[in-house]
Every structure is written in structure tokens, then in C-alpha cells.
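Next come the chains, spelled out residue by residue.
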There are 2 protein chains.
Amino acid sequence: MKNKTIALIGAGNVATHLARQLTNVGYTIVQVYSRSVASASELANRLKVNYTTNLEEITDKANFYIFSIKDSALEEVISNMPHSNGIWIHTSGSMPMNIFKGKVQNYGVLYPLQTFSKTRVIEWKNIPIFIEASDDATYQSINQLAGNISSRVSLLSSEDRKQVHLSAVFACNFVNHMYNIANTIVGKANLSFDILLPLIKETCEKVYTLSPHNAQTGPAVRYDENVISKHIDLLDTPELKKIYQLLSESIHKNHQ
Amino acid sequence: MKNKTIALIGAGNVATHLARQLTNVGYTIVQVYSRSVASASELANRLKVNYTTNLEEITDKANFYIFSIKDSALEEVISNMPHSNGIWIHTSGSMPMNIFKGKVQNYGVLYPLQTFSKTRVIEWKNIPIFIEASDDATYQSINQLAGNISSRVSLLSSEDRKQVHLSAVFACNFVNHMYNIANTIVGKANLSFDILLPLIKETCEKVYTLSPHNAQTGPAVRYDENVISKHIDLLDTPELKKIYQLLSESIHKNHQ
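Residues numbered from 1 in each chain as written. Chains lettered and ligands numbered in written order. Predicted model: local features only at pLDDT ≥ 70, side-chain atom pairs only at ≥ 80, totals over all residues. Heavy atoms only, no water.

Draft legend 1. Representation of the relation of the copies chain A and chain B within the structure. For the match of chain A to chain B, the screw axis carries a shift of 0.0 Å, the RMSD comes to 0.0 Å, and the turn is 180 degrees. Expressed as a symmetry operation, the mapping of one chain copy onto the other fits a two-fold axis. When C-alpha positions in chain A are compared against the rotation axis, the closest is assigned to V175 of chain A, at 2.6 Å. A symmetric contact is evident, with 100% of the interface residues of chain A recurring at the interface of chain B. (Least-squares fit on C-alpha atoms with pLDDT ≥ 70 in both. Contact = heavy atoms within 4.5 Å.)

Structure below.
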């Protein structure tokens, strides 16, 4: 298949989901690299391809090299990659495209704005994918690759991508942590997390039709001192008390 | 209609949604009270019933008196209510049932665990409703009323209800505030909040099948210093930097 072979550098959540979907739409993963044998072999076995834990053994024949590894390892892995003529792409929200500069001719970024857990099935079609490329021809190639897995592909600079990644930490990671704290609290009343699901669902669905500002409810909007101080008393740890206080003040400031 | 008349004390979001649904299932709202003429008349006109802004004018003939007003006003409103023989019920998460004690014979609590905005249509059937009552007969009446609007009614003590309400502040109000902050951040990259919706939806749907602890992703899990310090630098205000830091530390502690 022409221009459709991919070497996958990384075997974590993003790499796994990308590999599945790229395979679904006709790309061929030819090799998987991971520092960890367990991760590399797990993904490679699923894809029925070779894997390596040695960067020197990475093929020089792939059309694309997709780097889905943690930010802190990216620079070192890139600098130890053998030479090749394919397009090098990373999937990181916060790393600049130019991390590839001087190391390879054609490169870019493909950042899917989604949270990936291995056990989940992901509907790729609606995931916003932000791309960037070293030059026009490379842009066309990355745009085509991304366009095969999502209908929401757009060009975004490294600077703006950083903001998107930062926003995702709030909209996803911090939101999930709020769920986690809520789970701990209902546990104290011997209730299951399930009782919170209709509330969680409605909170999410509201912002499809209302701005988050207009969707806000609860004691912090008008800073209902009475409820707020009782809630802070109920919380077990100084850390949770501080989180409650800080977020309540922040909501209130937003609604004055 | 026997045992099916309700006087509604309050005309805010909860009162409005309750009134709609109770009417749908065959109860009759006979009167609406609110301190504010605008709120009282708006809801009363929609229900085609009388309203009053004067507590002394509240009917003594209703079967139920449902108090959906803010916690800080509840005690005073109750103490100024005229005598009646109906069942008095409040809908607050944090106020004890005994706030009615000595004022009326039969009383209780009906706390729907949901976020209510006037413009939203709510699917009541799945909303957990936590009830409590002064005595068995009253419990039967409140249980029947609640059971007509939801299939998830359960008895819960005032103490445990406080915990549920507290958990809801995290699972809803604080979650929505995270959406709000994310909205501000994507705005800086001239992007619309819409790009975050698939991420927000998946974050919510994940916790239907994974515990929030197992669903957690992002730089805070392993405390990726590199990403975290860049993100804190990107944030505009000391307040947002502090929120980011505190929540990241809290996530990390949870995953050690």
C-alpha cells in the first residue's frame, strides 16, 4: 500500500487507540517501539506486527513515524532515532513542532483532543485533531492521514496547541478528579458512585446548550456562607477544605 | 383530587422543575409563594394558579407544602408560615429535617440529586430522590409523591444527605467551573468551547464503566513536572495557578 506504512514510537493509551483506528481505515502499522517490553509486545501482538525496545532497530522504510510517548522522553528518543525519510509526527499537546528540526526533513504534529483509556472504545469521527507541519507537502500528508480518522481536523500553531492542552487538563483531568472526590464523599454515606451519574450526565449535557457561565448553579454562585462553611467543616482533610474554598471563591468572583 | 394539592413555597429552579413534573403526573399546584413578585408571577402564570408574596396569604388547605427556597431563608420563612394541617417538605440538601419540628405535625424532606436550570428539560425518571419523614404515615405520603416522579427514591438521614449534597458540589458545581475555566483558556487560542465537547462527553461517559480513580489521565497522575510547570506559567492569574497546582498535587497524591 502506497504511503500508508507507519512505525509507532510508543505503546501507551494514545498509541494504542491511534493504532487501532489507523488500521481500521487502511494504514499498516509495520513496527511498534516501546522502552517497555510489556507495552511493546502487548500492542504489537494485538496488531500482529514486530516490536522492538531498541531504537536502533527501528525500520527506515516507514512512510510515517508517529511518536506517542510522554513529553519528558520525547527529546531524547528523537535524538536517538536512526535516520529515515518518512514523516515524523508527534501527538503531544504541549511540545513544539520544532523539536524535530534538524533531525529530519519532513515533520509535524497530530494532536487528538481526547482522553484515552485502553479499555474504552473511542468514536474517532468527532474528535478534534489539531495538526501542524514543516512544509506544504507534509501538511497535505498529515492532513490526509488525520482526515481519514476524523472529520474535525484543523491547523493549529504550537503556541495555540499549548493552550488547548492546558484547557483539556481542566475540562478532563480536573473534572475527573472532582468525580473522584465526590466518589469518596458519597462513600462516607455508604452510597454508591452510581447515584451521582444522572447529575454528572446533566452537568455535561448542559454545556452543549448553555455556556458554562450560564450553566453554573450551587452555593458558590452567591457565596452562600451558611452552606459553604458547613461543607468545609464536613470535609476530612485540609487539602479538600482548601480545594473547596478556592473553587467556591473562584466561582463567586466569576458571578459578581 | 384527593391528597394531591400542593402549595409551592419558592419559585426558583428547583421549584419550577418540580412544579412542572408534579403537574405532569397529576398533582395540582394550588398556589405559588415567592418573596419576589417577578419569580412568583412567572411560575404562577405558567401553572395558571394564584401567587402571593405575602406568607400570611398562604392557603391552609393544601395537602403538601413544598419549600424550595435558599437554605439561608428557610428557617425564617418556616417560622412565619400560617398554621396548616398539610405535610411540610423541604428540598434542601444541607438543611436538617428537624427545622420543621414544633411548627407542624407532619413533615419531611424530598431532595432530588440533580442540577436544575430553568431552560433545560429534565428527565425525572432516573433522578435519585432522597426522602425523610417525621413519622410512618408521612413517609408513605412523601414516598408516594416522590415515587410518582422518579423510580429511584430512597430513605436517607439528614446527616447522610449533607454528604450527598457536598459530593454534588464537587460532581456538578466544581466540574462546571472547570468547564468554565477551560472555556476561557481555549478563547485565548481563538477557539470555540465546542472543540472541548467530545472530550467533556468522554470524560463523563468513562465513569459509567471505570471508577474515577481508574479513569484518571493527564500530567498530574505521575506529576510530570515538565508539563505542569509550563502549564502554570501559561495561566494568567495567581488564582488559576493556585487551582492548577492544588488539583495536580491532589491527583498525584491519589495515584501514589
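Draft legend 2. A look at the pattern of salt bridges. Residue and element names in this part refer to chain A. Tallied over the full model, the rule gives 16 salt bridges over all chains. In this structure, E42 engages R46 in a salt bridge whose closest nitrogen and oxygen atoms are separated by 3.3 Å. Highlighted residues: E42 and R46, both in helix α2 (residues 37-47), separated by four residues, approximately one helical turn. Residue classification places E42 among the partly exposed residues on the basis of a relative accessible area of 41%. The partner of K201 in a salt bridge is E205, and the shortest N-O contact between them spans 3.3 Å. Pair noted here: K201 and E205 are both in helix α6 (residues 197-209), with a separation of four residues, about one helical turn. (Salt bridge = Lys/Arg side-chain N within 4 Å of Asp/Glu carboxyl O. Helix = DSSP H or I, 4+ residues; strand = E, 2+ residues; numbered from the N terminus. Buried < 20%, exposed > 50% of the residue type's maximum accessible area, 1.4 Å probe, protein only.)

Draft legend 3. Summary view of the interface of chain A and chain B. On the chain B side, the residues contacting the 89 residues of chain A number 89 residues. In total, about 8800 Å² of surface goes out of reach between chain A and chain B, with carbon and sulfur atoms giving 67% of it. On the chain A side of the interface with chain B, the three residues burying the most area are R120, F170 and L199 of chain A, jointly 8% of the side's total. Remark: the boundary between chain A and chain B carries four salt bridges. A salt bridge links K253 of chain A to E239 of chain B; the nearest nitrogen and oxygen atoms lie 3.1 Å apart. Viewed at the interface, chain B and chain A are joined by 40 residue pairs in polar contact (both at pLDDT 80 or more). If you list the elements that add at least two residues to the side of chain A that touches chain B, you get α3 (71-79), β7 (128-133), α5 (158-188), α6, α7 (212-215), α8 (225-234) and α9 (238-254) of chain A. With 26 residues, α5 of chain A is the largest single contributor of residues to the side of chain A that touches chain B. Looking at the side of chain A that touches chain B, its residues break down into 46 nonpolar, 27 polar and 16 charged. (Buried area = accessible area lost by both parts, 1.4 Å probe. Polar contact = N/O pair within 3.5 Å; in protein donor to acceptor, adjacent residues only side chain to side chain. Nonpolar A, V, L, I, M, F, W, Y, C, P; charged D, E, K, R; others polar.)

Draft legend 4. Structural view of the packing of α9 of chain A against helix α5 (residues 158-188) of chain B. Running from N to C, α9 of chain A and α5 of chain B cross one another at 50 degrees; their axes reach a closest spacing of 11 Å. As far as their axial angle goes, α5 of chain B and α9 of chain A are oblique. With respect to the hand of their crossing, α9 of chain A and α5 of chain B are arranged in left-handed fashion. Packed against α9 of chain A, whose contacting residues are I243, Y244, L247, S248, S250, I251 and N254 of chain A, the element α5 of chain B presents L166, V169, F170, N173, F174, H177, M178 and N180 of chain B at the interface. (Axes fitted to C-alpha atoms, helices over the stretch in contact; angles between N-to-C directions. Parallel < 35°, antiparallel > 145°, perpendicular 65-115°, else oblique. Left-handed = near helix turned anticlockwise from the far one by under 90°.)

Draft legend 5. Geometry of the environment of A62 of chain A. Residue and element names in this part refer to chain A. If you trace the backbone, A62 turns up in the loop between β3 (50-52) and β4 (64-67). Residue A62 is classed as buried on the basis of its relative accessible area of 6%. In this structure, the C-alpha to C-alpha distance between A62 and K162, residues 100 residues apart in sequence, is 28 Å. Beyond its immediate sequence surroundings of up to four residues, A62 is in contact with T5, I6, A7, V30 and G86.

Draft legend 6. Expanded view of the sheet that holds strand β3 (residues 50-52) of chain B. Residue and element names in this part refer to chain B. Pairing is mixed across the open sheet formed by eight strands, whose spatial order is β3-β2-β1-β4-β5-β6-β7-β8. The sheet is open, and its two borders are formed by β3 and β8 (153-155), each paired with just one other strand. Pairs of neighbouring strands in the sheet enclose a mean axial angle of 25 degrees, with direction left out of account. As defined by bridge partners, strand β4 (residues 64-67) adjoins strand β5 (residues 87-90) across four bridges and the pair is classed as parallel. By the bridge assignment, I66 is partnered in β5 with I89. Together, β1 (5-9), β2 (28-33) and β3 form the strand contacts of helix α2 (residues 37-47), whose direction differs from that of β3 by roughly 165 degrees. Packing against the sheet, helix α4 (residues 136-149) makes contact with β1, β4, β5, β6 (107-112), β7 (129-133) and β8, and its axis sits at approximately 165 degrees to β7. (Pairing = 2+ DSSP bridges.)

Draft legend 7. Inspection of the sheet that holds β4 of chain A at higher detail. Residues and elements named next belong to chain A. Strand order across the open sheet formed by eight strands is β3-β2-β1-β4-β5-β6-β7-β8, with mixed pairing between neighbours. Only two strands of the sheet have a single partner each, and these edge strands are β3 and β8 (152-155). If you compare each strand with its neighbour and ignore which way they point, the axes differ by 25 degrees on average. Here five bridges tie strand β1 (residues 5-9) to strand β2 (residues 28-33), and the two strands are oriented parallel to one another. The residue bridging A7 from the neighbouring strand is Q31, located in β2. Each of β5 (87-90), β6 (107-112) and β7 is contacted by α5, which is oriented at about 25 degrees to β6, the strand it contacts most.

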